[in-house]
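Structure assessment
Listed here are the chains, written in short residue letters.
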Amino acid sequence: MPGNPPFSQPDSAENHEEEEEEEEEEVEIKYEKVREAKGQIKQVHKLVKRLSGEQVQIRVHDVKIKGNTRTKDSVIEAEVEEVKNAKTMQELVQAAAKANARLQSMGIFESATITLDAGPPELPDTANVIVEVQESDKPFSGDIGIFSKPEAHAWTVEGSLKSRNWLGYGETWDGTGTYGWDKTSEMSAGLHYPRFKGLPASLMARLSLLTDDWIKYSSYKERILGLSVGLDSDANHSLSYSLKWRSLTDPSHGASRAIQRQLGHSLISSVASSYKIDQRDSQLRPTRGFAFASKSEITGIGPDSRFVRFVRQELDFRYAIPLGFYNAALNIGFSAGIILPWGKGFKDRSIPISDRFFMGGHSSPICNLRGPLSLLGFRSRGVGPTEARRDNSDSSKTDDASDSSGRDTLGGDIAVTSFADLSFDLPLKVLRDSGIHGHCFVCAGNLAILTGDYYRPISFREFGSSFRSSAGAGIVIPTKLARIEINYCQILRQLDHDRAKRGIQFSFSS
């Protein structure tokens, strides 16, 4: 009788011992990983404590760039150049964050990340900066929209087409077109080149053709063909040079003598410098902070006697003060500008009508940092010196509607505006949640001619006593694109021939 197979108890015991040994090894590995993790956490806490308590000295050893196939290394290196100058870990982290923001704002990368890694072991207190980018696979982009032109009380349709990084230098080529209900049109093409030749600024160049219709207000049409080149820095500075050919015509044949004398062609060669800083918590509804803008321009750069020659200076200041109840804030502002001719016989020379200051329209003075333009309650170009138009029986047959007052607005060589605006939450929660709030305001402004045939001597006291003013209240609807206001305006003071409007007014500002 055959025997049963031998019982394999020794083999089972050996297998059991092997399983126990494997489990013990796994447990030891897990414990080791836990100890390593705890050690890393302690090191991180120690590093954070050290960073918060003292300056950690460090030096950048190398900058490594990954992921770019079309973009030149030099373009990315120029944007992260600041990290090489960092002397401490704190400075390095801040410089890396700024560099990453600049890379993202170029618009040529889907993503951009900057990683800080330890330098070579033989070089203590060093770090490597690793820049990894993913280039955009959409070389072309375009948009179209309808926008408000408050200074002319008109709407425009604007479209643009852009091509980015075509040559691999991070450049942006664009073409834009604008057409307005007031028969304004503009075509332009431009180039934006970041960090030109290692400078902390971007190069901009633009060729444009502008046609503007001011028949309704000042009896002239304007056409400008211009070329501009400029540098725009990240520190809110810009410097530009422009060369323009300008033509003024009067299709209505009814312009006043002041306008008629300025018709024809002129050349403008100018250098402009601007500075702007905005520390307010919001541009649409600021409740704290300040903003300041300055623009200086000198024209007539060149030997040609046909060049228009003048100097221009504009200043803007805004300040927001929180009041501590109902999210209320008081915004105050001041804008001023002056323009004077220079060169031989400058005292008898008039400033070109197109370069003067004009006041009025429905743009909000809170958003606007473009000089002394806004004065709520007054129509576009509705403030300042005027002159009667000539009688022309054929003028009614033209397609261009003229202003019913029968006078041309001449603008001013000096202009000043100021305002105070009190904003506050409305009682309904649904309105507060939407950002819709109320405000009340008071505005004042004035302008005058300083040179030329229409100059009349005026003292500071007379200039101050002839300020126009308005007050009102309304509802503000802030959106992502614009600040919409529905206001009731009351005219407090106006002079003869000013064009003002009391009652409900709509305002769109960005």
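Presented here is a report on the structure given in the accompanying data block.

Thresholds, definitions, all that
Residues numbered from 1 in each chain as written. Predicted model: local features only at pLDDT ≥ 70, side-chain atom pairs only at ≥ 80, totals over all residues. Heavy atoms only, no water. Pairing = 2+ DSSP bridges. Helix = DSSP H or I, 4+ residues; strand = E, 2+ residues; numbered from the N terminus. Axes fitted to C-alpha atoms, helices over the stretch in contact; angles between N-to-C directions. Contact = heavy atoms within 4.5 Å. Patch = residues over 30% accessible without salt bridge, like charges linked within 9 Å, V, L, I, M, F, W, Y side chains within 5 Å. Areas by Shrake-Rupley, 256 points an atom, 1.4 Å probe, with all protein chains shown as cover. Salt bridge = Lys/Arg side-chain N within 4 Å of Asp/Glu carboxyl O. Phe/Tyr/Trp six-rings, centres within 6.5 Å; stacked < 30°, edge-to-face > 60°. Buried < 20%, exposed > 50% of the residue type's maximum accessible area, 1.4 Å probe, protein only. Lys NZ or Arg CZ within 6 Å of the ring centre and 35° of its normal. 1 Å grid on protein atoms, 1.4 Å probe; cavity = no way out; pocket = protein on both sides within 12 Å on 5 of 7 lines; lining within 4 Å. Points joined across faces, edges and corners; volume = space filled by probe spheres on them. Nonpolar A, V, L, I, M, F, W, Y, C, P; charged D, E, K, R; others polar.

1. Side note on the pairing of strand β11 (residues 264-278)
Relative to β11, strand β10 (residues 237-249) runs antiparallel, the two sharing twelve bridges. Bridged to Ser-240 within β11 is Ala-272. Two elements, β11 and strand β12 (residues 289-299), share nine bridges in a ladder whose sense is antiparallel. Across the sheet, the residue bridging to Tyr-275 is Ser-294, located in β12.

2. Some remarks on the sheet that holds strand β2 (residues 109-118)
Pairing within the open sheet is mixed, and its three strands lie in the order β1-β3-β2. With partners counted over all chains shown, the strands left at the sheet margins are β1 (59-66) and β2, one partner each. Within this sheet the neighbouring strands show an average axis-to-axis angle of 15 degrees, counted without direction. Here seven bridges tie β1 to strand β3 (residues 126-135), and the two strands are oriented parallel to one another. Paired with Val-60 across the two strands is Ala-127, which belongs to β3. Of the strands in this sheet, β1, β2 and β3 are in contact with helix α3 (residues 89-105), which crosses β2 at around 165 degrees.

3. Brief notes about the environment of Gly-377
Residue placement: Gly-377 occurs in the loop between β14 (329-341) and β15 (386-388). When the C-alpha positions of Gly-377 and Leu-492 are compared, they lie 9.6 Å apart, and in sequence the two are 115 residues distant. Not counting the four nearest positions on each side in its chain, Gly-377 is found in contact with Cys-489, Ile-491, Ala-500, Lys-501 and Gln-505.

4. So, a nonpolar patch on the surface
Taken together, Leu-239, Tyr-241, Leu-243, Val-271, Ile-298, Ile-301, Val-311, Ile-338, Leu-340 and Trp-342 make up a surface patch of nonpolar side chains, about 720 Å² in accessible area. Of all the elements in the fold, those that place two or more residues in the nonpolar patch are β10 and β14. In terms of residue count, the dominant contributor to the nonpolar patch is β10 (three residues). Residue placement: Val-271 occurs in strand β11.

5. Examining the packing of aromatic side chains
All told, the structure shown has five aromatic pairs when counted by the stated rule. Note on Trp-214 and Tyr-217: the rings are 6.1 Å apart at their centroids and 55 degrees apart in plane angle, and the pair reads as tilted. Residues Trp-214 and Tyr-217 agree in their burial class; the two are buried. An angle of 10 degrees between the planes, with centres 6.5 Å apart, marks the rings of Phe-317 and Tyr-319 as stacked. Judged by relative accessible area, Phe-317 falls into the partly exposed class, the value being 35%. Classification of Tyr-319 by relative accessible area gives partly exposed; the value is 36%. Of note, Arg-381 hangs over the ring of Phe-358, and the distance from its end group to the ring centre comes to 3.6 Å.

6. Things to note about empty space enclosed by the protein
A complete count under the given rule lists two cavities of 30 Å³ or more for this structure. Taken as a whole, the largest cavity holds about 80 Å³ of empty space. Contributing to the lining of the largest cavity are 14 residues, with Arg-318, Pro-365, Ser-374, Thr-417 and Phe-419 lying nearest its centre. Put simply, the parts of the chain that give the lining of the largest cavity at least two residues each are β14, β17 (414-425) and β18 (437-448). Each residue belonging to the lining of the largest cavity can be placed in one class, and the counts come to six nonpolar, seven polar and one charged. Approximately 30 Å³ is the volume attributed to the second largest cavity. As for the second largest cavity, its lining consists of Ser-364, Pro-365, Leu-376, Phe-419, Asp-421, His-439, Phe-441, Cys-443 and Glu-485. The set of elements that each furnish at least two residues to the lining of the second largest cavity consists of β17 and β18. Looking at which element gives the most residues to the lining of the second largest cavity, the answer is β18, with three residues.

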